[in-house]
Amino acid sequence: MIDVKNITNEIKSRNFKPIYFLCGEEPYYIDRISEFIEKTVLTEDEKAFNQVILYGRDTSIEEIVSTAKRFPMMADYQVVIVKEAQNLNRTIDALQAYAEQPQPTTILVLAYRDKPDGRKKVFKVIKEKHVYFESKKLYDNQIPDWISKVLKGKKYAIEPKAALMLAEFLGTDLAKIANELDKLQIIFPQGHTFTPKDIEVNIGFSKDYNVFELKSALAIRNQEKAYEIIYHFAQNPKDNPIVVITGQLFSFFSQLLQFHGLKDRSNKREVAAKIGVNPYFVDEYFTAARNYPMRKVSQIIQVLRDIDVKSKGVGAGSMKEDDLLKELVYKIFN
């Protein structure tokens, strides 16, 4: 299976392919590979005559092929990078002839930020003869592990709770997460283990008032803590949009419903895999399951759906977001 490491290692070894087709719904790796090729294949002197950057919205397949067929000047290769290549989707079939007989001294990179129609012959040819890399979107529950792996590769570590806090605060945008991790690495030396306190101080994320802590308070039925967090959210609505809060709680209670449906809960690691959470947090689901029977969880999920609809202005009347959140927490506990 072709992955980022395979591709970059081959490029470092100067074992180039004529075409790199980088596609998928997650732009982070598409951009990372494109930038790696842009920065490393040619020397600074060679780039002036032999590196061309085109944009899909401003070019055509004919222009790309014409450029790719040129010979390099005073260099072994020329690099042609087409950014936003998904804008060429309607005419992409015209690239097939070139893909079958490419210019061997040209490295053509197509950064296609979308999922292409794999049935097209042009893509089959690229898969067979060149590098076809699909960058898939990660699920919410995969982000904490991704953060841990990225940091481990740079000789850092992170506590599971801190990784989850980052994931909940930054979402699934890998470029945004990577940017914040880079900032942390400037502040702390290699070998450091990031803690929730590090995240709170340096990322601007409250370790006491966040959706993660709200879920924990709900799991153990700590009403005082839950309402305290809701009050904090109400004071800072821009930093705590209700759509994010209800989305996270919907995921939590949906996973709790899955947990209730498991016949065998003896192996916590297997339980974590089945409901899609980090093993570090499985105990929270055992606690929540004792506090919320399956029927109650089903009711809570319906409440979350109702609050989500009201938050979008349907049937809410004059209720504000903080009132909706208070209603939500009240109905969860009662």
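Note that the coordinates shown come from a computational prediction; the quantities given were computed from them, not determined experimentally. (Residues numbered from 1 in each chain as written. Predicted model: local features only at pLDDT ≥ 70, side-chain atom pairs only at ≥ 80, totals over all residues. Heavy atoms only, no water.)

Student: Sorry if this is basic, but what is going on with the overall build of the protein chain here?
Tutor: In terms of regular secondary structure, the protein chain is built from 17 helices and 7 strands. Dimensions of the protein chain along its principal axes, counting C-alpha atoms only, are 75 × 45 × 45 Å. Across the 334 residues that make up the protein chain, the buried fraction comes to 45%. Accessible area for the protein chain stands at about 17,800 Å²; split by element, carbon and sulfur atoms hold 49% of it. (Helix = DSSP H or I, 4+ residues; strand = E, 2+ residues; numbered from the N terminus. Buried < 20%, exposed > 50% of the residue type's maximum accessible area, 1.4 Å probe, protein only. Areas by Shrake-Rupley, 256 points an atom, 1.4 Å probe, with all protein chains shown as cover.)

Student: Which parts of the structure should I look at to understand the nonpolar core?
Tutor: If you look at soluble globular proteins, the nonpolar side chains tend to sit buried side by side. Among the nonpolar cores identified, the biggest contains 42 residues, and Tyr20, Ile37, Trp146 and Ile147 are the most heavily contacted of them. Not counting residues up to four positions away in its chain, the partners in contact with Ile147 are Ile158, Ala163, Leu166, Ala167, Ile177 and Leu181. Ile242, Val271, Val282 and Val297 belong to the second-largest nonpolar core, a separate cluster that totals 38 residues. (Core = buried A, V, L, I, M, F, W, Y, C linked by side-chain atoms within 4.5 Å. Contact = heavy atoms within 4.5 Å.)

Student: For this particular structure, what's the right way to read unusual backbone geometry?
Tutor: Glycine aside, negative phi is the norm for most residues, and most peptide bonds take the trans geometry. The phi dihedral of Glu84 falls on the positive side, at around 55°, and the residue is not glycine. Examined against the element boundaries, Glu84 turns out to sit in the loop between strand 3 (78-83) and helix 5 (96-100). Residue classification places Glu84 among the partly exposed positions, given a relative accessible area of 27%. One non-glycine residue, Arg221, adopts positive backbone phi at about 60°.

Student: Before we go on, may I ask you to explain the sheet that holds strand 1 (residues 19-24) in this structure?
Tutor: Working definition: the strands of a sheet are paired by backbone hydrogen bonds and lie parallel or antiparallel to each other. Reading across from one edge, 2-3-4-1-5 is the order of the 5 strands in this open sheet, with parallel pairing throughout. With partners counted over all chains shown, the strands left at the sheet margins are strand 2 (51-55) and strand 5 (131-135), one partner each. Adjacent strand axes in the sheet meet at a mean angle of 15°, parallel and antiparallel pairs treated alike. Here strand 2 runs beside strand 3; their pairing, made up of 5 bridges, is parallel. Looking at the pairing, Leu54 lines up with Val82 of strand 3. (Pairing = 2+ DSSP bridges. Axes fitted to C-alpha atoms, helices over the stretch in contact; angles between N-to-C directions.)

Student: Can you help me understand the pattern of salt bridges in this one?
Tutor: Two side chains with opposite charge may pair up if their charged atoms get near one another. In this structure the tally under the stated criterion is 15 salt bridges. As a salt-bridge pair, Glu26 and Lys137 come within 3.8 Å of each other at their nearest N and O atoms. Of this pair, Glu26 sits in the loop between strand 1 and helix 2 (27-40) while Lys137 sits in the loop between strand 5 and helix 7 (143-153); the two residues are 111 residues apart in sequence, bridging distant segments of the chain. A relative accessible area of 39% means that Lys137 is categorised as partly exposed. With a closest N to O distance of 3.0 Å, Lys312 and Asp308 form a salt bridge. (Salt bridge = Lys/Arg side-chain N within 4 Å of Asp/Glu carboxyl O.)

Student: Before we go on, may I ask you to explain the packing of aromatic side chains in this structure?
Tutor: Remark: the centre distance and the inter-plane angle together describe each pair of aromatic rings, the angle taken between the planes. Tallying each qualifying case throughout the model produces 15 aromatic pairs. Taking 5.1 Å as the distance between ring centres and 45° as the angle between the ring planes, the aromatic pair formed by Phe21 and Phe123 counts as tilted. Note that Phe21 is positioned in strand 1 and Phe123 in helix 6 (residues 121-129), a separation of 102 residues in sequence. A relative accessible area of 0% means that Phe123 is categorised as buried. Both rings, one in Phe252 and one in Phe253, keep their centres 5.1 Å apart while their planes meet at 80°; by these two values the pair is edge-to-face. Side by side, Phe252 and Phe253 carry an identical accessibility label, which is buried. One aromatic cluster is present, built from ring pairs that chain together Phe21, Tyr112, Phe123 and Tyr132. Sitting over the face of the ring of Tyr132, Lys127 holds its NZ or CZ atom 4.7 Å from the ring centroid. (Phe/Tyr/Trp six-rings, centres within 6.5 Å; stacked < 30°, edge-to-face > 60°. Lys NZ or Arg CZ within 6 Å of the ring centre and 35° of its normal.)

Student: Just checking my understanding: could you explain the side chain of Glu26 for this structure?
Tutor: Owing to a relative accessible area of 2%, Glu26 belongs among the buried residues under this scheme. In terms of polar contacts, Glu26 uses its side chain to reach the backbone amide nitrogen of Tyr28, at 2.9 Å. Glu26 has contacts with Ser135, Lys136, Lys137, Thr172 and Leu174, leaving out every residue within four places of it along the chain. (Polar contact = N/O pair within 3.5 Å; in protein donor to acceptor, adjacent residues only side chain to side chain.)

Student: Even after reading the chapter, I still don't get the packing of helix 12 (residues 223-235) against helix 17 (residues 321-333), so can you show me in this structure?
Tutor: A packed helix pair is summarised by two numbers, namely the angle formed by the two axes and the spacing between the axes. Taken N-terminus to C-terminus, the directions of helix 12 and helix 17 make an angle of 165°; their axes are 9 Å apart at the nearest point. Taken together, the axes of helix 12 and helix 17 lie roughly antiparallel to each other. Relative to helix 17, helix 12 is oriented so that their crossing is right-handed. On the side of helix 12, the interface is formed by Gln223, Ala226, Tyr227, Ile230, Phe233 and Ala234, while helix 17 contributes Asp322, Leu325, Lys326, Val329, Tyr330 and Phe333. Here the contact of helix 12 with helix 17 is built from residues that sort into 9 nonpolar, 1 polar and 2 charged. (Parallel < 35°, antiparallel > 145°, perpendicular 65-115°, else oblique. Left-handed = near helix turned anticlockwise from the far one by under 90°. Nonpolar A, V, L, I, M, F, W, Y, C, P; charged D, E, K, R; others polar.)

Student: Would you mind going over the pairing of strand 1 with me for this structure?
Tutor: Side chains on a regular strand alternate between the two faces of the sheet. Counted residue by residue, strand 1 has 6 buried out of 6 residues, so it is predominantly covered. Residues Ile19, Phe21 and Cys23 of strand 1 are buried on one face, and the alternating residues Tyr20, Leu22 and Gly24, pointing to the opposite face, are buried as well. Inspection of the sheet shows strand 1 paired to strand 4 (residues 106-112) by 5 bridges, in the parallel sense. The partner of Ile19 across the bridge, within strand 4, is Leu108.

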